[in-house]
Amino acid sequence: MSTHSVQSSRSSSRLFAHSALALAAAGLWGCAQLSVSTSSTPTQPPPAAAKGPAPAASAVASAASAAASSPNAVSGSGNAAANAAGALAARMASAAAGAPPAFAEVIKDAKRTDGFLPIWTKDDKVWLEIPGDLMNRTFFFSASLANGLGERYFWPGLMSSGQLVSLRKVGNNVQLVARNLKVRATDGTPLSTALGESYSDSLLASTSAASAPHPQRKSVLIDAYALLGGDLTGTQTRLEGSYRLPYSLDRGNSSITSTRASAAGTSISVRSHFAIPKLPALPAASAGPLPPNPATLPSPPTVVPDPRSLFLTYTYTLAPLPATPMKTRVADPRVGYFVDSFLDLSKDDGKDRRTHLIHRWRLEKKDPSAAVSEPKEPIRVVMDRNIPLKWREPVKAGILEWNKAFERAGFRNAISVEQQADNADWSTLEGTRLLAVRWFAQEGPGATAVGPSQADPRTGEILRGASIIPDGWARLSRNRVNDTQPRLNSLESSHAGHAHDDPALCSYAEHAVEQAAMGLELLSARGLIDPNGPEAERYIGDSLKDVTMHEVGHALGLRHNFKASTGVTAAQLRDASFTKQRGVSNSVMDYNGLNLALDNEPQADILMTTLGAYDYWAIEYGYREFPADQEAAGLAEIASRSEKDRNLAYGTDEDVMGFDPLVNQRDLGDDPLAYAQRQIKLAKELWTRTVNRPLAPTDDLTLYRRNLQRVLGSFSSVIPMTTKFVGGSFTNRALASANQPLITPVPAARQRQALDMVVNEIFSSASFRFDPKIMTRLGIDQVDRFSSRGVASVDFSLSQSVLTIQKSALDALISDSLGARLADAEVKVDNPRTLLSYADVQTRLSQAIWSELRAKAGTRDIDTLRRNLQREHVKRLATGLLRPSMSSSADVPAVHRAVAKQLEAELRQSLAQSGWSAMSRVHMEDSLNVLSEALKAPLARQGL
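Residues numbered from 1 in each chain as written. Predicted model: local features only at pLDDT ≥ 70, side-chain atom pairs only at ≥ 80, totals over all residues. Heavy atoms only, no water.

Caption draft 1: The arrangement of the overall build of the chain in detail. Helix and strand counts for the chain come out as 28 helices and 24 strands. Going through the 944 residues of the chain one by one, you find that 53% of them count as buried. Once local pairs closer than 6 in sequence are excluded, the contacts in the chain between residues at least 24 apart make up 75%. About 40800 Å² of surface is accessible on the chain, with carbon and sulfur atoms providing 53% of the total. (Helix = DSSP H or I, 4+ residues; strand = E, 2+ residues; numbered from the N terminus. Buried < 20%, exposed > 50% of the residue type's maximum accessible area, 1.4 Å probe, protein only. Contact = heavy atoms within 4.5 Å. Areas by Shrake-Rupley, 256 points an atom, 1.4 Å probe, with all protein chains shown as cover.)

Caption draft 2: Examining the packing of helix α9 (residues 392-400) against helix α12 (residues 534-555) more closely. α12 packs onto α9 with a crossing angle of 40 degrees between their chain directions and a minimal axis gap of 8 Å. The orientation of α9 with respect to α12, classified from their angle, is oblique. The two elements α9 and α12 meet at a crossing, and its hand is right-handed. On the side of α9, the interface is formed by Pro394, Val395, Ala397, Gly398 and Ile399, while α12 contributes Gly541, Leu544, Lys545, Thr548, Met549 and Val552. Residues that form the contact of α9 with α12 fall into these classes: 7 nonpolar, 3 polar and 1 charged. (Axes fitted to C-alpha atoms, helices over the stretch in contact; angles between N-to-C directions. Parallel < 35°, antiparallel > 145°, perpendicular 65-115°, else oblique. Left-handed = near helix turned anticlockwise from the far one by under 90°. Nonpolar A, V, L, I, M, F, W, Y, C, P; charged D, E, K, R; others polar.)

Caption draft 3: Spatial organisation of helix α19 (residues 702-717). Across its 16 residues, α19 extends 22 Å between first and last C-alpha, which sits within 8% of the 22 Å expected from 1.5 Å per residue. Across the 16 residues of α19, 13 count as buried, placing the element largely inside the fold. (Expected span 1.5 Å × (residues − 1).)

Caption draft 4: Representation of the pattern of salt bridges. Scanning all chains against the criterion turns up 51 salt bridges. Residues Arg678 and Glu601 are paired through a salt bridge, measuring 2.8 Å at the closest nitrogen-oxygen approach. Of the two residues, Arg678 sits in helix α18 (residues 672-692) while Glu601 sits in the loop between α14 (576-582) and α15 (613-623), which places them 77 residues apart along the sequence. Judged by its relative accessible area of 26%, Glu601 falls in the partly exposed class. Through salt bridges that share partners, Arg362, Glu364, Lys376, Glu377, Arg433 and Glu461 make up one connected network. (Salt bridge = Lys/Arg side-chain N within 4 Å of Asp/Glu carboxyl O.)

Caption draft 5: Layout of the environment of Ile415. Mapped onto the fold, Ile415 is located in strand β17 (residues 415-419). Along the primary structure Ile415 and Leu363 are separated by 52 residues, whereas in three dimensions their C-alpha atoms are 10.0 Å apart. Ignoring anything within four residues of it in the chain, the contact list for Ile415 reads Ile379, Val381, Ile399, Leu400, Trp402, Asn403, Phe406 and Leu556.

Caption draft 6: How the structure looks around the pairing of strand β5 (residues 138-147). Among the 10 residues in β5, 8 count as buried, and that is most of the element. Pairing between β5 and strand β6 (residues 163-170): 4 bridges, direction antiparallel. Of the residues in β6, the one forming a bridge with Phe139 is Val165. Two strands pair when backbone bridges link them, and β5 and strand β13 (residues 309-319) are joined in this way by 7 bridges, in the antiparallel orientation. (Pairing = 2+ DSSP bridges.)

Caption draft 7: Expanded view of a nonpolar patch on the surface. Judged by side-chain polarity, Phe659, Leu742 and Ile743 come together as a nonpolar surface patch covering roughly 240 Å² of accessible area. The topology assignment puts Leu742 in the loop between β21 (729-731) and β22 (743-745). Assessed through its relative accessible area of 45%, Leu742 is described here as partly exposed. (Patch = residues over 30% accessible without salt bridge, like charges linked within 9 Å, V, L, I, M, F, W, Y side chains within 5 Å.)

Caption draft 8: Inspection of the nonpolar core at higher detail. Grouped together as the largest cluster of nonpolar side chains are 139 residues, with contacts concentrated most on Trp402, Phe406, Tyr539, Leu556, Ile619, Ile762 and Phe763. Not counting chain neighbours up to four residues away, the residues in contact with Phe406 comprise Leu363, Ile379, Phe411, Ala414, Ile415, Leu556, Ile619 and Tyr623. (Core = buried A, V, L, I, M, F, W, Y, C linked by side-chain atoms within 4.5 Å.)

Caption draft 9: Quick peek at the side chain of Arg678. Assessed through its relative accessible area of 18%, Arg678 is described here as buried. Here Glu601 takes part through its side chain, which lies 2.8 Å from a polar atom of the side chain of Arg678. (Polar contact = N/O pair within 3.5 Å; in protein donor to acceptor, adjacent residues only side chain to side chain.)

Caption draft 10: Inspection of the sheet that holds strand β19 (residues 453-456) at higher detail. Pairing is mixed in the open sheet, where 5 strands are placed in the order β17-β16-β18-β20-β19. Every interior strand has two partners, whereas the edge strands, β17 and β19, have only one. Ignoring which end each strand starts from, the neighbouring axes of this sheet average 15 degrees apart. Note that strand β18 (residues 434-440) and strand β20 (residues 461-470) share 7 bridges and pair parallel. Paired with Arg438 across the strands is Ile468, a residue of β20. Relative to β17, α9 is tilted by about 160 degrees, and along the sheet it contacts β16 (379-383), β17 and β18. Contacts between α12 and the sheet are confined to β18, β19 and β20, with β20 contributing the most and set at about 155 degrees to the helix.

Caption draft 11: Summary view of the environment of Asp344. Structurally, Asp344 is set in strand β14 (residues 339-344). You can call Asp344 buried: its relative accessible area is 17%. For the pair Asp344 and Ala185, spaced 159 residues apart in sequence, the C-alpha to C-alpha distance is 5.9 Å. With residues near it in sequence (within four places) discarded, Asp344 still touches Arg184, Ala185, Arg353 and Thr355. Within the structure, the side chain of Asp344 is placed 3.0 Å from the backbone nitrogen of Ser346, a separation counted as a polar contact.

Caption draft 12: Fine view of the confidence of the model for the chain. The share of residues in the chain with pLDDT of 70 or more is 82%, and the mean pLDDT across the chain is 85. For residues 7-88, every residue scores under 50 in pLDDT, and the model assigns this stretch 92 contacts once sequence neighbours within four places are set aside. A low-confidence stretch, residues 478-501 (pLDDT under 50), is modelled with 64 contacts involving residues beyond four sequence positions or located in other chains. (pLDDT = per-residue confidence, 0-100.)

Caption draft 13: Main features of unusual backbone geometry. Phi is positive for Asn136, which is not a glycine, with a value near 75 degrees. Mapped onto the fold, Asn136 is located in the loop between β4 (125-130) and β5. Not every positive phi belongs to a glycine, and Tyr153 is a case in point at roughly 65 degrees. With respect to the helices and strands, Tyr153 occurs in the loop between β5 and β6.

Caption draft 14: Up close: the sheet that holds β14. Pairing in this open sheet of 3 strands is mixed, and the strands run β8-β14-β15 from one edge to the other. At either margin of the open sheet sits one strand with a lone partner, and together these are β8 (183-184) and β15 (354-358). The pairing of β14 with β15 spans 5 bridges and is classified as antiparallel. Considered in β15, the bridge of Ser341 is made with His356.

Caption draft 15: Representation of the packing of aromatic side chains within the structure. In the structure shown here, the tally under the stated rule is 14 aromatic pairs. Residues Phe562 and Tyr591 carry aromatic rings whose centres are separated by 4.9 Å and whose planes lie at 80 degrees to one another, so their mutual orientation is edge-to-face. Taken together, the residues Phe562 in the loop between α12 and α13 (570-573) and Tyr591 in the loop between α14 and α15 connect sequence positions 29 residues apart. An identical accessibility class is assigned to Phe562 and Tyr591; each is buried. Aromatic side chains Phe715 and Phe768 sit 4.9 Å apart centroid to centroid with 50 degrees between the ring planes, which places their arrangement in the tilted category. Taken as a pair, Phe715 in helix α19 and Phe768 in the loop between α21 (748-762) and α22 (772-775) lie far apart in primary sequence, 53 residues in all. On the accessibility criterion, Phe715 (0% relative accessible area) is buried. (Phe/Tyr/Trp six-rings, centres within 6.5 Å; stacked < 30°, edge-to-face > 60°.)

Caption draft 16: Spotlight on helix α23 (residues 798-813). With 16 residues, α23 extends 23 Å from end C-alpha to end C-alpha; this agrees with the ideal 22 Å at 1.5 Å per step. Buried within α23 we find Leu798, Ser801, Val802, Leu803, Ile805, Gln806, Ala809, Leu810 and Leu813.

Here is the structure:
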């Protein structure tokens, strides 16, 4: 096994033009122009093409096309260009003779590296040798990002989905083809023939053979860059989606950077250049307002010297599939694993042909008769050399924690951990049968860890995995410094706007790091932790162990479980002996909140530093071995335990956006409402301690703004925990044998309790009343005020920040979907009158939001925060009347009309009374006008 590093030069469009002129002079432009690849610099239009090449010229054109796409088609200028043109002409002549050059001619003086696909290197040229017996055989192909951008999910270590591919020779072309495994049938049957005729594979890349077949081995050479230098991962689309700029791949300035080959696989790293010719100009202020949706505007990268140009390096691995396919294991809806899903048309037993195989590593006992045995081959975990020395122990501890679960499932030392040497000549992104734990740097505040993996889609066997930890975790104790300061005047994540459509793309740390920082800040303010002392180091170490366990869990095949924390009671969370042994939740695969005690309570473990009951159970389902005739019954018994034990409850990504109030992120305990109330109390305590904290003369005042945003962030975080109770239903994944309901509407009393909490905490101005003296001292980093992120305002708009929070609550509580859920719940209970109705919710909201209308004389005033909230309420009522959604039930606009009429009458009555401030009166008159106009407008129900 060896590594070869190369730095290949690529032709620029200007130099390519020299070759184009030579081809034009030879009367061959009509063929040559087909080979022109996309370039960042436009060339002059070509002369008129010939009407058609002669047969011999066609072969020449094919060689010219291959040469033009070759990484060394043209290099240099002047004489160098002439020499290159001569070499090109020689190859064209060879092609015209009817065959590519002889194998020995191409690799003369080149160095061979043996491997699955042998590599030949000479100067800056790289060829892959394709053995004849591997042509048309299926093998594994994967791509990993080796060098990223530090933002927008372009992070080193991220993987594309692993694919099964084959190399096919079509004429003189070699194609890299992705196999279609979405629908399957038994090989060799007529049905499998029908499938081959019914479904298409996909072409990933193609290039001409660079040599004739080897006389003995029958292998051929292909230019590695010509095959792998394209946009195999669809990066241009991802860049355009992230930055809203049309980046194009510039192959002329891309290159192979390193190669590695062994019997276990061949890896080639390609540094690809993506560019745009210019950045678009934003509309000038004089040209009118910006588009209504700022998300449609370009958002150039902030982390490159020139946003018109960036490099991304991908490591491509081509590896043999396991000689003996791993034994498959079917998925169960009660246990959370990633799966490979397909339609198996070979099934003819009348059962569902949809098949779901869980992702898991291959583990086989050395001693099959032993209850607990060492594995024949453990899961190899390699800690990358880029992990800082200081944090390697907690990271290693997080990895090895999973051995406890594997031992309970029958495997001792199932995971082996090794540290990559600093001088290693290989990358943890190469090869298979490897789980890499890596570190990376991320721009801006916050941090995002991920745990991707790639599996053999035939069986679900995980062949490669990763746990990628952000450097932001190590900066918690230095959170006073400005590089981790929350974004100014924003409650959104540092990666807001990025679509998290892939459930395999975990964002655990993005959600957790700011909460962990807030916890450290509060504990420091209480005097329990010195932010620069050993206690803070242990706190960060525990956080790192927590996030490592979570991401390694993903790489072992496990999905999120956002229902796990609800199996732990409030009393257990206060019990230090319980949390030390069992953790603060039933799973590290949840996005667990912090177990912070209130000021007068005993403090137990704050973080999840061990595995929970669900983690042990899920690993047992995925990895315990059974005799073949006992496996189905054994797996059914394991999965059925969840129907009796609430510690094994499961709800994942698809559920968290649903209507089950027990499936949440960043909560803790069996009562999300109680946890939400605690979060608000802790936020208020943090603010009280912040304003009472004595500052040294040299301290900056960014502390006030930073902690104010943390307070507001806590209020924002509790909204989904509370609003999901209104119109919500408790869900269950039990099978028919359990005889349990799958959907149970939340009792009306709990729904009203949640509504009261929103009204009393989120919609109340008292929750956001801060000392005016402190509000004049919300400091920002003046040195970094003008940066690539834009100009930060010195002022802080509390009213807009509060309105952002309140609008999210209104959106949840005044919606068509809520009306539909409340109506649908009526058929799920014996007495619908015991439920909360949409009319009940809207009447309660209107009364609470406009409570000032019933104020006594002398106290009639509406402050700024309440006016903003009331305008949003009126806007939603009016929109519901003027533009009711086609999807809304008839109840929703009817309720909106009734509430609007009642509010209209109350506004008229209040305006007839004296004592209102001028601003309050203007506000009420405007609100009354909006409602009256909406009520008088003709009904415009869509679909009528």
